[in-house]
Amino acid sequence: MAARKPIYVTQPELPPLEEFLPYLRQIWDARLLTNSGPFHQMFEAALCEHLGVKHISLFTNATIALVTALQSLRITGEVITTPYSFVATAHSLMWNGIKPVFVDVDPVTLNMDAARIEAAITPQTTAIMPIHCYGTPCDVEAIQRVADNYNLKIIYDAAHAFGVRREEGGMLRSVLNHGDLSVLSFHATKVFNTFEGGAIISPDAKTKQRIDHLKNFGFVDETTVVATGINGKMSEFNAALGLVQLKHVDDAIARRGAVEARYRAQLGEVQGLRMLQRDAGMTPNHSYFPVLLGPGYALGRDGLYKRLREEGVMARRYFYPLISDFPMYRNLPSADPALLPVARAAADQVLCLPIYPALADADVDRIAAIVRSGASRRSTAAAPVSPPALAIVD
Ligand SMILES: Cc1ncc(COP(=O)(O)O)c(C=O)c1O
């Protein structure tokens, strides 16, 4: 029998190649490859329309966009952030010489616990950097109230939140309109990809202009440099691809929704397994499908992780280890594990199951069956695998 192909946590979406080829032809003919070319401009306009935001600046990736967002608001000193994220969130602070201050997450959403922000504020605090983890909106109102009280800026790491909307005043509005800036990632593994890419959403044209200068070395015109900018520009190749990808993203998100619904229908009654619930008034993007495997789950999180691998299913432990456990952060006072019990429990229990549009129903069923089998003591003949040392496995 032919060996089964491994199933990864995601499979990047690509449009039919024939749809992209005419765009490539245009790039070849025009010889305009970067520096805010025609596709770049068209893609910015199309994204504003699609996402329901006013101003957007395209970037090479979200990490450079986060670094630039902090620069654009002249953030210094200390920034309150979450340990339960991809490491780029905190790295973007370090690249600006800013000290991250970690606060624990909310047990229901796994987003920054807004009630814990105030206690972490010091005279050096200038901003808050939360993430909409797995695309679940943060408690944006509560975070804004704290920011207003203490005159702090908010930069949302919205890498997971492409297309996510919330009901506000009887209307569905993009979650990206909250805070001072939001940063999206268009990395290959995201709901919407341009191979590599990212963007900053700004509330006004002046802020966008400053960001556009910063991503182009600080150049305003041929001879004027107004800031120590960086090269964060998205190329015409990526922008053209984004235009084509945009035509398919709604269908892709709908299919992800069907995959999620199929998992949920099969995993609802599994002992010791918790799925994240979400508010009725939001439009999700189904970017991830995390499950939390608590003490009542017989096989344990790492036992299931291993069993799935043996079956060719590469589920991922996003986000384990916590950012605050990495060597460059672990000595910060706010990285003390005793201060982050909820994030720590989540990191020890979480497993993101594969979710992507091309995932076949039969594979969802097979994965769900493996997960269910791990809940029963009878099927766990092998001794449960003890949690590995804090290290990235792959
Ligand atoms: C929460 C979060 N922030 C930032 C990033 C960095 O994005 P990029 O790879 O586009 O730099 C990612 C993922 O890659 C992420 O998941």
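Residues numbered from 1 in each chain as written. Predicted model: local features only at pLDDT ≥ 70, side-chain atom pairs only at ≥ 80, totals over all residues. Heavy atoms only, no water.

Draft legend 1. Inspection of the nonpolar core at higher detail. Grouped together as the largest cluster of nonpolar side chains are 34 residues, with contacts concentrated most on Phe43, Leu47, Leu51, Phe162, Leu176, Leu184 and Phe186. Among the secondary structure elements, those contributing two or more residues to this core are helix 1 (17-30), helix 2 (38-51), strand 2 (55-59), strand 10 (198-202) and helix 7 (236-267). Counting residues per element, this core draws most heavily on helix 7, at eight residues. Look past the residues within four positions of Phe162 in its chain and what remains in contact with it is Leu47, His50, Leu51, Leu184, Phe186, Phe192, Leu246, Val249 and Asn285. (Core = buried A, V, L, I, M, F, W, Y, C linked by side-chain atoms within 4.5 Å. Buried < 20%, exposed > 50% of the residue type's maximum accessible area, 1.4 Å probe, protein only. Helix = DSSP H or I, 4+ residues; strand = E, 2+ residues; numbered from the N terminus. Contact = heavy atoms within 4.5 Å.)

Draft legend 2. Region of interest: helix 6 (residues 205-214). For helix 6, the set of buried residues is Thr207, Lys208, Ile211, His213 and Leu214. Against helix 2, strand 2, helix 3 (62-72), strand 9 (181-185) and strand 10 lie the buried residues of helix 6.

Draft legend 3. Quick peek at the packing of aromatic side chains. Throughout the structure, instances matching the rule amount to 17 aromatic pairs. The interplanar angle of 5° and the centroid separation of 4.9 Å between the aromatic rings of Tyr263 and Phe289 together place this pair among those described as stacked. Taken as a pair, Tyr263 in helix 7 and Phe289 in strand 13 (residues 289-293) lie far apart in primary sequence, 26 residues in all. Note on accessibility: Tyr263 and Phe289 belong to one class, buried. An aromatic cluster is present here, built from Tyr84, Tyr134, Tyr288, Tyr318 and Phe319 joined pairwise through their rings. Here Arg301 stacks its cationic end above the ring of Tyr320, 4.9 Å away from the centre of that ring. A cation sits over an aromatic face here: Arg317 above Tyr305, 3.8 Å from the ring centre. (Phe/Tyr/Trp six-rings, centres within 6.5 Å; stacked < 30°, edge-to-face > 60°. Lys NZ or Arg CZ within 6 Å of the ring centre and 35° of its normal.)

Draft legend 4. Inspection of the side chain of Ser92 at higher detail. Secondary-structure assignment places Ser92 in helix 4 (residues 88-94). What Ser92 contacts, discounting residues up to four positions off in sequence, is Leu66, Val67, Leu70 and Met129.

Draft legend 5. Molecular detail of the site of the ligand. As a matter of local geometry, the ligand sits amid 15 residues, with Thr63, Asp157, His160, Ser185 and Lys190 nearest to it. Taking 380 Å² as the accessible area of the ligand by itself, protein coverage stands at 92%. Counting only elements with at least two residues in the shell around the ligand, the list comes to helix 3 and helix 4. Partitioned by chemical class, the residues of the shell around the ligand number five nonpolar, eight polar and two charged. (Near = heavy atom within 4 Å. Areas by Shrake-Rupley, 256 points an atom, 1.4 Å probe, with all protein chains shown as cover. Nonpolar A, V, L, I, M, F, W, Y, C, P; charged D, E, K, R; others polar.)

Draft legend 6. Spatial organisation of the sheet that holds strand 11 (residues 273-275). Spatially, the three strands line up as an open sheet ordered 11-13-15, and their pairing is antiparallel. Strands with a single pairing partner mark the edges of an open sheet, and in this sheet they are strand 11 and strand 15 (350-353). Along the sheet, successive strands turn relative to each other by an average axial angle of 35°, direction set aside. As paired strands, strand 13 and strand 15 are joined by four bridges and run antiparallel to one another. Bridge pairing links Pro290 to Cys352 in strand 15. (Pairing = 2+ DSSP bridges. Axes fitted to C-alpha atoms, helices over the stretch in contact; angles between N-to-C directions.)

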